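Remarks on the overall topology
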Amino acid sequence: DQQVKQNSPSLSVQEGRISILNCDYTNSMFDYFLWYKKYPAEGPTFLISISSIKDKNEDGRFTVFLNKSAKHLSLHIVPSQPGDSAVYFCAASAERGNEKLTFGTGTRLTIIP
Amino acid sequence: DSGVTQTPKHLITATGQRVTLRCSPRSGDLSVYWYQQSLDQGLQFLIQYYNGEERAKGNILERFSAQQFPDLHSELNLSSLELGDSALYFCASSAHRQGGNTIYFGEGSWLTVV
């Protein structure tokens, strides 16, 4: 039972354009969401997070949107840069302070120069 | 560099064998987590330790066990290995502060069972 789903295994975006990565979840108890970025041969790196009390969180070129009613979140990267090419994982937690994260299967983002 | 150190980076072993993966958390972090990433799979949470005690358990097989030592390093023991246990095993750590769940991952240990 995949509680966190990333339905797009891969995404290609032109450099300078917006990249939008999507994530859906089924567990209504999830109230904290994170995005991680992973380069080959490296561990996942924390990118940005959002609590369920918010619907948007922004950090530089990265913005995460949360739609609780739709159980959907998205990561926007603007403008996309070649260094953004990586696998992006969405993760969710059922309780703030509880670090038992449930991860999606990842989306491979390729930025085309 | 996340500050989380995992050894070995690569390991090849035969079915039925036992291996131990080691993790040193970031300095000051009390929580250690183990995750498994199989081919085409997301990261599956295995187990979490906090300051030496088991805090949360995920989809960890009975053939697997873990512990966290007084110096806070952790070991994941995998026994009676099967081909399907071939995966990338990540260790992660966090400071377990309230209000933030940032977890820092190591580079992983590649286990190949032949």
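In what follows, the accompanying structure is described. (Residues numbered from 1 in each chain as written. Chains lettered and ligands numbered in written order. Predicted model: local features only at pLDDT ≥ 70, side-chain atom pairs only at ≥ 80, totals over all residues. Heavy atoms only, no water.)

**Things to note about the sheet that holds strand β3 (residues 19-25) of chain A**
All names here are of chain A. Pairing is antiparallel across the open sheet formed by five strands, whose spatial order is β1-β3-β8-β7-β6. One side of each edge strand has no neighbouring strand; the edge strands of this open sheet are β1 (4-5) and β6 (56-59). In this sheet, β3 lies alongside β1 in antiparallel orientation, the contact comprising two bridges. From the neighbouring strand, K5 faces β3, where its bridge partner is D24. (Pairing = 2+ DSSP bridges. Helix = DSSP H or I, 4+ residues; strand = E, 2+ residues; numbered from the N terminus.)

**Structural notes on the state of the cysteines**
Applying the stated criterion across every chain, the model contains two disulfides over all chains. One disulfide in the model links C23 of chain A with C90 of chain A; its S-S distance is 2.0 Å. Taking the sign of the S-S torsion, about -70° here, the bridge from C23 of chain A to C90 of chain A comes out left-handed. Here C90 of chain A lies in strand β9 (residues 86-93) and C23 of chain A lies in strand β3, a separation of 67 residues in the sequence. Judged by its relative accessible area of 1%, C90 of chain A is buried. Here C23 of chain B pairs with C91 of chain B through a disulfide, and the sulfurs are 1.8 Å apart. Here C23 of chain B and C91 of chain B share a disulfide; its torsion about the S-S bond, -60°, makes the bridge left-handed. Taken together, the residues C23 of chain B in strand β3 (residues 19-24) and C91 of chain B in strand β9 (residues 87-94) connect sequence positions 68 residues apart. Since its relative accessible area comes to 0%, C23 of chain B is described here as buried. (Disulfide = S-S within 2.5 Å. Buried < 20%, exposed > 50% of the residue type's maximum accessible area, 1.4 Å probe, protein only.)

**Comments concerning the nonpolar core**
Judged by nonpolar contacts, the single largest core of 23 residues is most densely connected at F33, W35, L73, L75 and Y88 of chain A. For this core, the secondary structure elements donating two or more residues are β3, β4 (32-38), β5 (45-51), β7 (62-67), β8 (72-77), β9 and β11 (107-112) of chain A. Other than its neighbours up to four places away in sequence, L73 of chain A contacts L21, N22, C23, Y25, F33, W35, V64, F65, L66 and C90 of chain A. Listed in part, the 20 residues of the second largest apolar core include W34, Y49, F64 and C91 of chain B. (Core = buried A, V, L, I, M, F, W, Y, C linked by side-chain atoms within 4.5 Å. Contact = heavy atoms within 4.5 Å.)

**Overview of the sheet that holds β3 of chain B**
Residues and elements named next belong to chain B. Sheet architecture is open: four strands sit in the order β1-β3-β8-β7, paired in antiparallel fashion. Sheet topology places β1 (5-7) and β7 (64-68) at the edges, where each strand pairs with a single neighbour. Averaged over all adjacent pairs, the angle separating strand axes in this sheet is 15°, with direction ignored. Looking at chain direction, β7 and strand β8 (residues 74-78) are connected through five bridges and run antiparallel. Looking at β8, one finds that F64 is bridged to L78. (Axes fitted to C-alpha atoms, helices over the stretch in contact; angles between N-to-C directions.)

Geometric descriptors of this kind do not, in isolation, establish any biological role.
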